[in-house]
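# Fold and geometry: a report
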Amino acid sequence: LVSAEESSAQVRLRAERLGPVPPTLLLLEETDVRAVAGILEDCSPALVVVDSIQAVCDPTTSGLPGGVPQVRACAEFLVRLAKTHAVPFVLVGHVTKDGTLAGPRVLEHLVDTVMTVEGDRHHALRMVRATKHRFGPTGELGLFAMGDAGLTAVTDPHRLLLGDRRPGIAGSAVLAAMEGQRALLVEIQALWAPASSDSAPPRRSAQGVDGGRLALLLAELEQHGGVVLGRTDVFASAVGGIRVTEPAADLALVLALASAVATIAIAPDVVAFGEVGLGGEIRQVPQAERRLSEAARIGFRRAVVPASCPDGPPGIELLRVESVSEATTLALAHAGDRSVTRQRLSA
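Residues numbered from 1 in each chain as written. Predicted model: local features only at pLDDT ≥ 70, side-chain atom pairs only at ≥ 80, totals over all residues. Heavy atoms only, no water.

We now examine the sheet that holds strand E2 (residues 28-29). In spatial order, the strands read E2-E1-E3-E4; together these 4 strands make up an open sheet with parallel pairing. The outermost strands of the open sheet, each flanked by one partner alone, are E2 and strand E4 (89-92). Here strand E1 (residues 2-3) pairs with E2 via 2 bridges, running parallel. When the sheet's bridge partners are listed, Ser3 is paired in E2 with Glu29. (Pairing = 2+ DSSP bridges. Helix = DSSP H or I, 4+ residues; strand = E, 2+ residues; numbered from the N terminus.)

The subject of this paragraph is the environment of Ala256. Relative to the elements of secondary structure, Ala256 occurs in helix H7 (residues 250-262). A residue is classified by how much of its surface remains accessible, and Ala256, at 0% relative accessible area, is buried. Taking the C-alpha atoms as reference, Ala256 lies 51 Å from Leu27; in sequence the two are 229 residues apart. Beyond its immediate stretch of four places on either side in the chain, Ala256 contacts Gly171, Ser172, Ala173, Ile188, Gln189 and Ala190. (Buried < 20%, exposed > 50% of the residue type's maximum accessible area, 1.4 Å probe, protein only. Contact = heavy atoms within 4.5 Å.)

What follows is about unusual backbone geometry. Residue Asp51 is joined to Ser52 through a cis peptide bond whose omega torsion reads 0 degrees. Mapped onto the elements, Ser52 comes out in the loop between strand E3 (48-51) and helix H3 (68-85). With a phi angle near 55 degrees, Ala86 is a residue other than glycine that sits in the positive phi range. For Ala86, the location among the structural elements is in the loop between H3 and E4. We classify Ala86 as exposed; its relative accessible area is 68%. You will see that Thr263, though not glycine, has its phi angle at about 50 degrees, which is positive. Topologically, Thr263 is positioned in the loop between H7 and strand E13 (270-272). Given a relative accessible area of 53%, Thr263 falls into the exposed group.

And the structure:
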């Protein structure tokens, strides 16, 4: 481990929190990238981790650490070392608040694979995905939980995502989402309240879902679903630290909003996915079969899906819908009287 940011004492304190320090771990407290070459000649390590590429520097190159010339020079030097000594290198890079790689983008072009670790710091779930991979696909997703022993693999993510779900609560819908090639069942929640001030614009708060899509779907509900939320504060979130950005989340978010307004809970065995168009139509989304198979495996028995959705596996009934109005009425009618549903939605 090449530590260019923290001292060896600081790294040891962090390592001891996770357990005994491995006797084969060699720590080099150094900011000069050229010093790594001497270590490779002396001990022939099986893996080299540099933390971080923005903190090391090449004394033969001008510029400050983290700048374009330094990052390029250091990365090229480490790549040559990796090829010469046949040793894999892991270069740790800083990320910005929105999760993108900080500093010059040249680093992404020099390395073979770019891995990102995502997750809400207030939740234990962490997602590891490859945004670039020269030797294979980038669709796979790794799920881990951050605990006292570090990162541990999550074999059944639905215990984390749906374990505390309370059936029978209005404003909740379950989305069959896709993260890479992996299907996940995510709870989408919505809440509304009268605007706190007549003069100030109403709040639109989105956590884990796209704020722009939320505003669009509120307009869709008012235009095509008869749900008027213009002078109300609206809150929407994806539970569990997952961030859902795909258009397939539209239908589940619409159902959660409609359920919150009607104060009628969606049946606990119903899952939903589908994109909402500007005309209020429900559109098909990719990998529907995989979404339905995962929902059926978890125990869901009904799915609100676009009318053009292919048939699902045995054991799950497809509730095909063509419009926002049809979707909200059909989903809520399974849990309450249809006439009461329409009356509450139009109120």
